[in-house]
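Each chain, letter by letter, is given below.
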Amino acid sequence: MKTSLLFIVLFLILATIGCGPRKAVEFPRNETLYVGGFQWGAPVSFNPLSDWPVSWPVTGNVNLVYETLFAFNTLTGDLDPLLGQQYELDGLNLTVTLQDSTHWSDGKPLTVEDVRYTFYLHKRYQTLHHTIWRFIDTVTVNRTENSVTFRLDRKNYNPLTMKDMLGAVAILPAHVFSPLEESAKKKHIALKKDQAEFQSKVLEQLLSYTFLDKSYGSGPYTILEHSSSRIVLERDDSYWGNAVMYGGKTAAPKYVIHPLFATNEEYNAELEAGRLDISATYCPMVWNKKKSGVGTWESSEPYYIPGSIPSLIIQQMPSEDSSVVIAGSTVVSTKSVLKSAFFRRVIASALDYEMIRKKAIQGYAPEISPGFIINSGIEKIYYDDSTANLLGAFNSTNYGDLKTRQNVLKKALVDSGYSWIDDAANPAGRLRLPNGNVVADMKIGVPVVADRIAEDLYWANLGLGKFDLIMKTPQAEQLPSLPWSRFEKIMSSSDIDTVGVFIYTNEGRYVNQLADSLLTVIPSLKDDKELELGYSKLNELFMKEMPVIPLMYRPSLFYQFSTKHWSNFPTLDNPYVPPSCLIVAAGRKALWEITPVKK
């Protein structure tokens, strides 16, 4: 009995130990790539139908688990083959030929029917990609030729948006989603008389499948494990692309792990210590980390490639005027002056752009040029220097240094009927309009109060239009449609509404018929000279009107790497793929090219 009792006690002790928290599995360092800066908390959903909340690696343009038809190459401006082998635009027909032997991670073939199902699923429900059907009439398949044809809408003909779609819409496995969709339809059949409510409930149920335990993508990795501390992907050695695109070679890392931290500082510290191989976080004074083996795309300033333009969005439907007391007298303070293109240009000309570039982003981008087209990289061919020199609101040819420029601005204001009144609280005084009203603390006498608010309130105020000026980066991601899509986000009036009604684009509610016409025409232009002229005219209009105020260039994606455990990262001196952190869009190719450092 003593022996039996001892055995039972030992069994209970071992069982208790076994029930405790398990130690995280360690993976071979020479087979594991650690990435960071794409996920900031515990994963909540790996459902590719979700727009928010959705967790890495199912976020936009990360083609590790689910794949798009093509991958945008930010170095060449081309769409590189992925699930799609090639595409051809013939009038209204955009035809995509699929790669041979594509299949899902469960071994089932990936066919043209999956592509058709995916797009019609986005048509049936208000998903992230639902609006693409504004530009699509039908989607048909040709099984014999292994192709899919998108018939473009004649009234909303827009090949640029369709090219964006080819690199943005992840293809879904119909054999997984179709049964789930049918089940959801049956559950909510009683609501079918109210089509909108029915579709909303079906989508709600589809999104409730978070797929936290299993993924059925077509990409080179599957989700192995996830927790509040990390997400682990495992290489799929039977990935179809190995044979079709990489000569039978598998991706170098067997595992890709995203550790989960709460702050940039933690990711940056891990990168400097070599415990992180790739980071997409903002990393202050990155030049100081070179001694620790940290590299960037360029070895000197600006270190990164610019891809977006953070801007001040200006409300074109400002709130009502109000009375304020200045120097003991009550005067009318106005915001309607924001409707004046002249005044918007004055504000733009009064800013210290070099200070913004140096302090806000530590010189991680080249100097900003007038207009809304980035004067470098793949957009440079559309930039017209002569127009910028003539109209640029902050161009040195017109205004010289900041102090000289501000003096010129004051003269321009006086010549236009503006004046200043004394204000004890503002040494520059208060700017008075020609009609006597006062503008509601720039160097030119325009008081500005910065309001720091919580993120959820920021997004609410942005969409509702409850602001005078607000920071935003129009079209933050790089797409084939740039620079058109950047202009479209702030100059198209197709989706605007009054202040107080939530909208998702052109939150400044700018309206200009010429802008609408140019934005409609440019996507259909095929001749390079006509396209350059179209963009020149659009940028000229932008500089005259200044519907938003560009502040600086910014990298769309920060890209830093550690050479402690892996080598052959893409750089400006070795530009075999774009600087896309090895997992985004066309940058994913680098996973087959990096090599472990021999110890």
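In what follows, the structure referred to is the one given above.
Owing to the predicted nature of the structure, the values given are computational and were not obtained by experimental measurement.

Participant: Please clarify how the packing of helix H4 (residues 174-187) against helix H5 (residues 195-208) should be interpreted in this entry.
Facilitator: Between two packed helices, both the angle of their axes relative to each other and the distance between the axes serve to describe the pair. Following both chains from N to C, one finds H4 and H5 inclined at 130 degrees, their axes separated by 9 Å at the closest point. What the angle tells us is that H4 and H5 run oblique. Crossing hand, H4 versus H5: right-handed. In this structure, H4 uses Leu180, Glu181, Ser183, Ala184, Lys185 and Lys187 to contact H5, whose residues at the interface are Phe198, Val202, Gln205 and Leu206.

Participant: Just to check I follow, could you spell out the pairing of strand E8 (residues 221-226) for this structure?
Facilitator: Residues in a regular strand point their side chains to alternate faces of the sheet. Bridge analysis of E8 against strand E9 (residues 230-235) gives five bridges, and the strand direction is antiparallel. Bridge pairing in E9 places isoleucine 223 opposite leucine 233. Counting the residues between successive antiparallel strands, the hairpin from E8 to E9 contains three residues.

Participant: Can you help me understand the packing of aromatic side chains in this one?
Facilitator: Summed over the entire model, instances satisfying the criterion amount to 28 aromatic pairs. For the pair phenylalanine 261 and tyrosine 267, a centre-to-centre distance of 5.1 Å together with 80 degrees between the ring planes defines the contact as edge-to-face. Judged on exposure class, the residue phenylalanine 261 and its partner tyrosine 267 are both buried. Here tyrosine 559 and phenylalanine 561 contribute two aromatic rings whose centre-to-centre distance is 5.5 Å and whose plane-to-plane angle is 45 degrees, an arrangement assigned as tilted. For tyrosine 559, a relative accessible area of 1% gives the class buried. Feature note: the residues Tyr282, Trp287, Tyr303, Tyr304, Tyr364 and Phe558 constitute an aromatic cluster, connected by ring pairs. A cation over an aromatic ring shows up here: lysine 410 above the ring of tryptophan 420, its NZ or CZ 6.0 Å from the ring centre.

Participant: Would you explain the sheet that holds strand E6 (residues 136-142) in this entry?
Facilitator: Pairing within the open sheet is antiparallel, and its four strands lie in the order E4-E5-E7-E6. Whereas interior strands pair on both sides, the edge strands pair on one side only; in this sheet they are strand E4 (84-90) and E6. For this sheet the average axis-to-axis angle between neighbouring strands, irrespective of direction, equals 15 degrees. Bridging between E6 and strand E7 (residues 147-152) involves six bridges; their strand directions are antiparallel. Bridge pairing in E7 links valine 141 to valine 148. Sitting on the sheet, helix H2 (residues 112-124) is in contact with strand E5 (93-98), E6 and E7, with an inclination near 165 degrees to E6. Helix H3 (residues 159-166) contacts E4, E5, E6 and E7 of the sheet and is inclined by roughly 145 degrees relative to E7.

Participant: Sorry if this is basic, but what is going on with helix H9 (residues 353-361) here?
Facilitator: Since there are 3.6 residues in each turn of an α-helix, residues three or four apart along the chain are aligned in direction. Every buried residue of H9 is accounted for by Tyr353, Ile356, Arg357 and Ile361. Projected onto a plane normal to the axis of H9, the buried residues spread over an arc of 100 degrees and lie on a single side. Looking at the buried residues of H9, the elements they touch are helix H8 (341-350), helix H12 (402-415), strand E21 (548-550) and strand E22 (554-555). The first or second residue beyond H9 is glutamine 362, which carries a positive phi of 55 degrees.

Participant: How should unusual backbone geometry be read in this particular structure?
Facilitator: Note: most residues except glycine have negative phi, and most peptide bonds are trans. Look at the link from tryptophan 52 to proline 53: it is a cis peptide, with omega at -10 degrees. Here proline 53 is to be found in the loop between strand E1 (32-36) and strand E2 (70-72). Of note, the amide linkage connecting tryptophan 56 to proline 57 takes the cis form, showing an omega dihedral of 15 degrees. Note that proline 57 resides in the loop between E1 and E2. The residue asparagine 61 is not glycine, and still its phi comes out positive at about 65 degrees. In this structure, glutamine 362 is a non-glycine residue whose phi angle is positive, near 55 degrees. Structurally, the position occupied by glutamine 362 is in the loop between H9 and helix H10 (385-391).

Participant: Please explain the sheet that holds E21 as it appears in this structure.
Facilitator: Within a sheet, neighbouring strands are paired by backbone hydrogen bonds and run either parallel or antiparallel to one another. Read across the sheet, three strands follow the order E20-E14-E21 without closing on themselves; strand pairing throughout is antiparallel. Edge positions in the sheet fall to strand E20 (469-472) and E21, since each has one partner strand and no second. The mean angle between the axes of side-by-side strands here comes to 25 degrees, regardless of whether they run parallel or antiparallel.

Participant: Which parts of the structure should I look at to understand the packing of helix H14 (residues 484-491) against helix H15 (residues 513-521)?
Facilitator: Between H14 and H15, the shortest axis-to-axis distance is 11 Å and the interhelical angle comes to 150 degrees. As the angle between them shows, H14 and H15 are arranged roughly antiparallel. With respect to the hand of their crossing, H14 and H15 are arranged in left-handed fashion. Packed against H14, whose contacting residues are Trp484, Phe487, Glu488 and Met491, the element H15 presents Ala515, Asp516 and Leu519 at the interface. Residues that form the contact of H14 with H15 fall into these classes: five nonpolar, no polar and two charged.

Participant: Please explain the pattern of salt bridges as it appears in this structure.
Facilitator: Side chains that carry opposite charge are capable of pairing whenever their charged atoms lie near each other. Here the structure, examined in full by the defined rule, presents 23 salt bridges. A salt bridge links glutamate 488 to lysine 489, with the shortest nitrogen-to-oxygen separation between them at 3.7 Å. Look at lysine 489 and you get partly exposed, because its relative accessible area is 26%. Residues participating in the shared-partner salt-bridge network are Arg124, Glu181, Glu182 and Lys185.

Participant: Even after reading the chapter, I still don't get the state of the cysteines, so can you show me in this structure?
Facilitator: A disulfide bridge is the covalent bond that connects two cysteines by way of their sulfur atoms. For the structure on display, the rule yields zero disulfides. Between cysteine 283, a cysteine without a disulfide, and cysteine 581, which holds the nearest cysteine sulfur, the sulfur-to-sulfur distance is 12 Å. By relative accessible area, which is 0% here, cysteine 283 ends up buried. Take cysteine 581: its relative accessible area is 0%, and that puts it in the buried class.

Participant: Which parts of the structure should I look at to understand the environment of phenylalanine 27?
Facilitator: Tracing the chain through its elements places phenylalanine 27 in the loop between helix H1 (2-19) and E1. Since its relative accessible area comes to 12%, phenylalanine 27 is described here as buried. When the C-alpha atoms of phenylalanine 27 and tyrosine 255 are compared, they prove to be 7.8 Å apart, with 228 residues separating the residues in sequence. In this view, phenylalanine 27 contacts Thr32, Leu224, Glu225, Arg230, Val232, Tyr255 and Ile257; residues no more than four positions away in its chain are not counted.

Participant: Please clarify how the side chain of threonine 505 should be interpreted in this entry.
Facilitator: Take threonine 505: it is sitting in the loop between H14 and H15. Side-chain polar atoms of threonine 505 contact the backbone oxygen of lysine 489, separated by 3.3 Å. With near-sequence residues (within four places) excluded, threonine 505 lies in contact with Glu488, Lys489 and Asp495.

Participant: I would appreciate a short explanation of helix H16 (residues 528-545) in the present structure.
Facilitator: Given a rise of 1.5 Å per residue, 18 residues ought to cover 26 Å, and the 26 Å separating the end C-alpha atoms of H16 matches this to within 8%. Taken residue by residue, H16 has Leu531, Gly534, Tyr535, Ser536, Leu538, Asn539, Glu540, Leu541, Phe542 and Met543 as its buried positions. Buried positions along H16 lie against H3, H8, H10, H14, H15 and E21. Here H16 starts with a cap whose side-chain oxygen sits 3.0 Å from the backbone nitrogen of lysine 529, and that cap is aspartate 527. Just past H16, the residue methionine 546 takes up positive phi, approximately 45 degrees.

Calculation criteria
Residues numbered from 1 in each chain as written. Predicted model: local features only at pLDDT ≥ 70, side-chain atom pairs only at ≥ 80, totals over all residues. Heavy atoms only, no water. Axes fitted to C-alpha atoms, helices over the stretch in contact; angles between N-to-C directions. Helix = DSSP H or I, 4+ residues; strand = E, 2+ residues; numbered from the N terminus. Parallel < 35°, antiparallel > 145°, perpendicular 65-115°, else oblique. Left-handed = near helix turned anticlockwise from the far one by under 90°. Contact = heavy atoms within 4.5 Å. Pairing = 2+ DSSP bridges. Phe/Tyr/Trp six-rings, centres within 6.5 Å; stacked < 30°, edge-to-face > 60°. Buried < 20%, exposed > 50% of the residue type's maximum accessible area, 1.4 Å probe, protein only. Lys NZ or Arg CZ within 6 Å of the ring centre and 35° of its normal. Arc of directions from axis to C-beta. Nonpolar A, V, L, I, M, F, W, Y, C, P; charged D, E, K, R; others polar. Salt bridge = Lys/Arg side-chain N within 4 Å of Asp/Glu carboxyl O. Disulfide = S-S within 2.5 Å. Polar contact = N/O pair within 3.5 Å; in protein donor to acceptor, adjacent residues only side chain to side chain. Expected span 1.5 Å × (residues − 1).

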